[in-house]
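Structural overview for review
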Amino acid sequence: MSLLLTPSNSSVVERSFSPEPDTARRLLAGLRLAHAAETTVYDDLEEVLGWHSGPDDCQGLTDRLGDMLDHLLVRLQVPNLAARCSADAVHRAQNLRAESPPPGAEIGHLRLLAMTVLGLLDHVGDDL
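Residues numbered from 1 in each chain as written. Predicted model: local features only at pLDDT ≥ 70, side-chain atom pairs only at ≥ 80, totals over all residues. Heavy atoms only, no water.

Focus on the overall build of the chain
Looking only at helices and strands, one finds 6 helices and 2 strands in the chain. For the chain, with 128 residues in total, the buried portion stands at 41%. Nonlocal contacts in the chain, meaning residues at least 24 apart in sequence, comprise 65% of its contacts between residues at least 6 apart. For the chain, the computed accessible surface area is about 7400 Å², with 54% contributed by carbon and sulfur atoms. (Helix = DSSP H or I, 4+ residues; strand = E, 2+ residues; numbered from the N terminus. Buried < 20%, exposed > 50% of the residue type's maximum accessible area, 1.4 Å probe, protein only. Contact = heavy atoms within 4.5 Å. Areas by Shrake-Rupley, 256 points an atom, 1.4 Å probe, with all protein chains shown as cover.)

Okay, structure coming up:
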């Protein structure tokens with residue numbers, strides 16, 4: 001499967017993806033977030049990384065932040081956004097998204113996921 005992105009200020013960018021159902025689901029979920037409210041993402045980040053005791057809905061937060069990470073990874077294929085983010089940060093995000101958390105380490109994985117999303121948001125700013 002290929003995805004064609006047409007940014008307003010550059011040529012068409014083509015990105016190939018595996019035709020596996022899980023990959024397609026993650027890609028579509030990431031694209032749907034193009035219209036998501038930023039405040040929801042920052043609320044989720046606050047719930048995971050804030051000063052309180054910890055998240056109540058670990059699985060829901062993991063799913064939402066994972067979808068946001070998928071969205072950011074798709075958006076970072078656009079050349080003007082890719083130039084703002086280091087290849088190392090994108091590579092780490094792709095590796096994190098590809099791995100499953102080890103049993104009993106769901107909270108640690110969720111925090112790492114939140115830190116990765118926050119790091120990418122710092123690079124792309126409001127250009128989600």
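Now, onward.
Details of the environment of Leu-120
Relative to the helices and strands, Leu-120 resides in helix H6 (residues 106–124). For Leu-120 and Leu-73, which are 47 residues apart along the polypeptide, the C-alpha to C-alpha distance reads 8.8 Å. Those residues in contact with Leu-120 that lie beyond four places of it in its chain are Leu-69, Leu-72, Leu-76, Cys-85, Ala-89 and Ala-93.

Structural notes on the confidence of the model for the chain
Of the residues in the chain, 70% have a pLDDT of 70 or more, and the chain-wide mean is 76. Here strand S1 (residues 2–5) stands out as the least confident element of the chain, with mean pLDDT 46; H6 is the most confident, with 89. pLDDT under 50 marks residues 1–14. Its contacts with residues more than four places away, or in other chains, come to 32 contacts. (pLDDT = per-residue confidence, 0-100.)

Some thoughts on the environment of Val-124
With respect to the helices and strands, the residue Val-124 is situated in helix H6. Sequence-wise, Val-124 and Leu-72 are 52 residues apart; in three dimensions their C-alpha atoms are separated by 8.6 Å. The residues touching Val-124, leaving out its near neighbours within four places in the chain, are Leu-72, Leu-76, Leu-81 and Arg-84.

Looking at the packing of helix H5 (residues 87–98) against H6
Where H5 contacts H6, the two axes come as close as 10 Å, and the packing angle between them is 145 degrees. Relative to H6, H5 is oriented so that their crossing is left-handed. Within the contact between the two elements, H5 uses Ala-89, Ala-93 and Leu-96 and H6 uses His-109, Leu-112, Leu-113, Thr-116 and Leu-120. For the contact of H5 with H6, a count of residues per class yields 6 nonpolar, 2 polar and no charged. (Axes fitted to C-alpha atoms, helices over the stretch in contact; angles between N-to-C directions. Left-handed = near helix turned anticlockwise from the far one by under 90°. Nonpolar A, V, L, I, M, F, W, Y, C, P; charged D, E, K, R; others polar.)

Overview of the side chain of Asp-44
If you trace the backbone, Asp-44 turns up in helix H2 (residues 38–49). Every residue in contact with Asp-44, bar those within four places of it in the chain, is listed here: Leu-61, Arg-64 and Leu-65.

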